[in-house]
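Tertiary structure, described
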Amino acid sequence: MNDKSSATVRTAVTVDRTVGLVLGALGVLAFSMSLPATRVAVQQLDPWFVAFGRAVGAALLAWAYLRSTGASRPTAGQWRRLAVVALGVVVGFPLFTSLALTTQTSAHGAVVITVLPATTAVFAVLRAGERPPPLFWVASGGGLLAVLTFLGVSGAVRGALSPPDLFLLAAVVLCGLGYAEGGALARELGGARTICWALLLSLPVTVPVAVVAAVAAPPRADAVAWSAFGYLTAVSMFLGFFAWYAGLARGGVAQVGQIQLAQPVLTLAWSALLLGEAVTTASVAAALVVLACVVLTQRTRAGSPAPVARKV
């Protein structure tokens, strides 16, 4: 009886981790276009408007979703944790990446963003109570090294640390915090409701800033820039988090977070597909190494397994 019960528990954990991996991969796929889309948008639109305007648009979508699903309000403790999520992914990351990409390329941004999985894993220990084993950190570091080496060889790394780099580093730290807190909270609220409530909680900040930015620099752009803004609003700030937070909750923040190692390579792949840039042998080799490291992180067992999340 006990053996069967234990086997059932192990099977449930395996299924949840697999589902978490798939959902996390969908989230990374959605986010892989964020830097290129931001770079396109801020060339014609004010970066403050891009950062806060997309949050306001996503909040309207969130309100419609919560109303249609009849979601119950979070508790007082959950509201406090949602404030951390909002600081990281609704305000911090969009603002600092928008400021950085007004003068820096998305390829350069991908270099700095490479450290995001490691930052997420650190906050998973601090905020989500997870304890990844040593092999996890080795695999994570190997993937990080592979991506940095690839980007360095490809010429994406150049020059000294600049103000845009500092903006990007601030974005990484705040985003890692928002990812870890949101992934842990999604075990209680579900991935969709976590980002939706965080977006609504941010409205007292995002609406005034977006309005001031629009008045100071009236938004005028062509269809391409508005399309990029629309992608940032509907996918990067809204739908992508449905899958991402649900994946972190099911598979563990630290482990699923390592799928982000593939994001810089995906970002460059989008550049090749949409901008006609050549895909080199080095990029294929780097992608394979990163994939191997991601697989290895998923095969390690966390010291403190994440609670099973059932909400979406």
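In this text the structure is predicted, and so the values were computed from the model without any measurement.

1. As for the overall build of the protein chain
Each helix and strand in the protein chain was counted, giving 14 helices and zero strands. In the protein chain, the succession of α and β elements from N to C terminus is α-α-α-α-α-α-α-α-α-α-α-α-α-α. Counting across all 312 residues of the protein chain, residues that qualify as buried make up 51%. Carbon together with sulfur atoms contributes 70% to the accessible area of the protein chain, which is approximately 13,500 Å² in total.

2. Topic: the packing of aromatic side chains
Applying the stated criterion across every chain, the model contains 14 aromatic pairs. With a centroid separation of 5.1 Å and 70 degrees between ring planes, the pair formed by Tyr-65 and Phe-242 is classed as edge-to-face. Of this pair, Tyr-65 sits in helix H3 (residues 47-69) while Phe-242 sits in helix H11 (residues 223-251), and the two are 177 residues apart along the sequence. Counting every residue linked through ring pairs, the aromatic cluster contains Phe-31, Tyr-179, Phe-241, Trp-244 and Tyr-245.

3. As for the packing of H3 against helix H9 (residues 191-201)
Describing two packed helices takes the angle between their axes plus the distance from one axis to the other. Axis separation between H3 and H9 bottoms out at 8 Å; the angle between their running directions is 125 degrees. The orientation of H3 with respect to H9, classified from their angle, is oblique. Relative to H9, H3 is oriented so that their crossing is left-handed. Counting all contacts with H3, which are made through Ala-55, Ala-58, Ala-59, Ala-62, Trp-63, Tyr-65, Leu-66 and Thr-69, the residues of H9 involved are Ala-192, Arg-193, Cys-196, Trp-197, Leu-199 and Leu-200. Among the residues making up the contact of H3 with H9, the classes are represented as 12 nonpolar, one polar and one charged.

4. Details of H9
The buried count for H9 comes to eight of 11 residues, which makes it a mostly enclosed element. Those residues of H9 not exposed but buried are Gly-191, Ala-192, Thr-194, Ile-195, Cys-196, Trp-197, Ala-198 and Leu-199.

5. Thoughts on helix H4 (residues 76-100)
With 25 residues, H4 extends 35 Å from end C-alpha to end C-alpha; this agrees with the ideal 36 Å at 1.5 Å per step. The axis of H4 is deflected most strongly, by about 40 degrees, at Gly-92, and proline Pro-94 appears within four residues downstream.

6. Observations regarding the confidence of the model for the protein chain
Here the protein chain averages 82 in pLDDT, while 79% of its residues score no lower than 70. Low confidence marks residues 5-13, where pLDDT is under 50. Its contacts with residues over four positions away, or in another chain, come to zero contacts. Across residues 302-310, where pLDDT falls below 50, the model places 26 contacts with residues more than four positions away in sequence or in other chains.

7. A closer look at the packing of helix H8 (residues 163-189) against H11
Close contact between H8 and H11 brings their axes to 7 Å; oriented N to C, the two are set at 75 degrees. It follows that H8 is roughly perpendicular to H11 by the angle criterion. Across the interface between the two elements, Gly-178, Tyr-179, Gly-182, Gly-183, Ala-186 and Arg-187 of H8 pack against Phe-241, Trp-244, Tyr-245, Leu-248 and Ala-249 of H11. Broken down by class, the residue content of the contact of H8 with H11 amounts to seven nonpolar, three polar and one charged.

8. Structural notes on the pattern of salt bridges
Within the structure shown, the criterion is met by two salt bridges. We note a salt bridge from Arg-81 to Glu-181, for which the minimum N-O separation is 3.0 Å. Here Glu-181 lies in helix H8 and Arg-81 lies in helix H4, a separation of 100 residues in the sequence. Residue class for Arg-81 comes out partly exposed when judged on its relative accessible area of 22%. Residue classification places Glu-181 among the buried positions, given a relative accessible area of 2%. A salt bridge links Glu-188 to Arg-81; its shortest N-O distance comes to 2.9 Å. Taken together, the residues Glu-188 in helix H8 and Arg-81 in helix H4 connect sequence positions 107 residues apart. On the accessibility criterion, Glu-188 (35% relative accessible area) is partly exposed.

9. A look at the environment of Phe-229
For Phe-229, the position within the fold is in helix H11. Sequence-wise, Phe-229 and Ala-37 are 192 residues apart; in three dimensions their C-alpha atoms are separated by 7.1 Å. Among residues more than four places away in sequence, those in contact with Phe-229 are Ala-41, Leu-45, Phe-49, Val-50, Gly-53 and Arg-54.

10. Quick word on the nonpolar core
Judged by nonpolar contacts, the single largest core of 69 residues is most densely connected at Val-90, Tyr-179, Leu-199, Trp-244 and Tyr-245. Those residues in contact with Tyr-179, other than ones at most four positions away along the chain, are Phe-31, Val-89, Leu-116, Thr-120, Phe-241, Trp-244, Tyr-245, Leu-248 and Gln-260.

Procedures and definitions
- Residues numbered from 1 in each chain as written.
- Predicted model: local features only at pLDDT ≥ 70, side-chain atom pairs only at ≥ 80, totals over all residues.
- Heavy atoms only, no water.
- Helix = DSSP H or I, 4+ residues; strand = E, 2+ residues; numbered from the N terminus.
- Buried < 20%, exposed > 50% of the residue type's maximum accessible area, 1.4 Å probe, protein only.
- Areas by Shrake-Rupley, 256 points an atom, 1.4 Å probe, with all protein chains shown as cover.
- Phe/Tyr/Trp six-rings, centres within 6.5 Å; stacked < 30°, edge-to-face > 60°.
- Axes fitted to C-alpha atoms, helices over the stretch in contact; angles between N-to-C directions.
- Parallel < 35°, antiparallel > 145°, perpendicular 65-115°, else oblique.
- Left-handed = near helix turned anticlockwise from the far one by under 90°.
- Contact = heavy atoms within 4.5 Å.
- Nonpolar A, V, L, I, M, F, W, Y, C, P; charged D, E, K, R; others polar.
- Expected span 1.5 Å × (residues − 1).
- Bend = angle between axes of the 7 residues up to and from the residue.
- pLDDT = per-residue confidence, 0-100.
- Salt bridge = Lys/Arg side-chain N within 4 Å of Asp/Glu carboxyl O.
- Core = buried A, V, L, I, M, F, W, Y, C linked by side-chain atoms within 4.5 Å.

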